[in-house]
Amino acid sequence: MNASPPTPGEGATIRERTGWVLDRIAEAERRAGRPPGAVKLVAVSKTQSLPRILEAHAAGLSVFGENYVQEAAEKVPALPGAEWHLIGKLQGNKVRRAVSLFAWIQTADSATRLAEISRCGVEAGKVVPALIEVNVAAEGSKAGASPEDLPSILASSAPLPGVRVEGLMAIPPWTESPEATRPHFIRLRELRDLLSRESGTALRELSMGMSHDFEVAIGEGATMVRVGTAIFGSRRGRG
Ligand SMILES: *Cc1c(COP(=O)(O)O)cnc(C)c1O
């Protein structure tokens, strides 16, 4: 087994960091016996300036994740060819704006929110692909649906014409060791498998894994990893 290449230093360029992340994804796919390209890299660009995002795009990245609808509204029009994912909390009064900006909404966490997304999707003439965010570790303060509510939330979305639930997303509690997060990744995959089986719906996507644990997540079946710091360097300001 190859050792991981050393982490790019603080002075590394976005292009160097991107190459390093893509290599590690490819290696993790290979180790897990998954086909090349099985995992979509969502470059988390919250707080990053437009020039830095354009640099990442020039380095080959075409899928970006943003946490705030307002912030995305300033960036998306500058890079319309990219695929934008909402990965932050979706407030009820921002749904229409979010549906117009984002290709994917990863943070639907209730039947109500899915119904609103559907309504705005119909208005916009599209079917919005969405993930249900799950509070996988049952943390009191965390966003996300409780695992026991997933069957009813999914069932409520089945007849909705403007949204299509494609899978699950989670942000497990942060730990020093990426290995400590593995049980949460396994749990999310098991919830997805059970929900798929019991509902008879193909739920293909599992959005899990961030800069410090995306390789573990890929080993447990992630189809999307959301990576910010490892691509852009440490963030300044909020986020
Ligand atoms: C900020 C953020 C990320 C990226 O975190 P990094 O540790 O910088 O990779 C991923 N997912 C969500 C939901 C985030 O808010």
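Residues numbered from 1 in each chain as written. Predicted model: local features only at pLDDT ≥ 70, side-chain atom pairs only at ≥ 80, totals over all residues. Heavy atoms only, no water.

Some points on the site of the ligand
Moving on, step 1. Near the ligand you find Val44, Lys46, Asn67, Ile87, Ile171, Met210, Ser211, Arg226, Val227, Gly228, Thr229 and Arg235, and these make up its full shell.
Moving on, step 2. In the model, an oxygen atom of the ligand is placed 2.7 Å from a nitrogen or oxygen of the Lys46 side chain.
Moving on, step 3. Here Gly228 contributes a backbone N or O atom positioned 2.8 Å from an oxygen atom of the ligand.
Moving on, step 4. Taken by itself the ligand offers 390 Å² of open surface, and the protein chains cover 90% of this. (Near = heavy atom within 4 Å. Polar contact = N/O pair within 3.5 Å; in protein donor to acceptor, adjacent residues only side chain to side chain. Areas by Shrake-Rupley, 256 points an atom, 1.4 Å probe, with all protein chains shown as cover.)

Describing helix H6 (residues 150-157)
Working note: α-helix, 3.6 residues per turn, so residues spaced by three or four point in the same direction.
Moving on, step 1. If you check which residues of H6 are buried, you get Leu150, Ile153, Leu154 and Ser157. Taken end-on, H6 shows its buried residues confined to a sector of 95 degrees, consistent with a single buried face.
Moving on, step 2. Residues of H6 that are buried in the fold lie against helix H5 (111-123), strand S5 (128-133), strand S6 (163-169) and helix H7 (182-199). (Buried < 20%, exposed > 50% of the residue type's maximum accessible area, 1.4 Å probe, protein only. Helix = DSSP H or I, 4+ residues; strand = E, 2+ residues; numbered from the N terminus. Arc of directions from axis to C-beta. Contact = heavy atoms within 4.5 Å.)

A few points about H7
Moving on, step 1. Spanning 18 residues, H7 covers 26 Å between terminal C-alpha atoms, matching the ideal 26 Å at 1.5 Å per step.
Moving on, step 2. Where H7 is concerned, the buried positions are Phe185, Leu188, Leu191, Arg192, Leu195 and Ser196. Taken down its axis, H7 places every buried residue within 125 degrees of arc, on the same side. Residues Pro183, Arg197 and Glu198 are exposed on H7 and point more than 90 degrees away from its buried face.
Moving on, step 3. In this structure, the buried residues of H7 make contact with H6, S6, strand S7 (205-207) and helix H8 (214-219).
Moving on, step 4. At the C-terminal side of H7, Gly200 shows a positive phi close to 70 degrees. (Expected span 1.5 Å × (residues − 1).)

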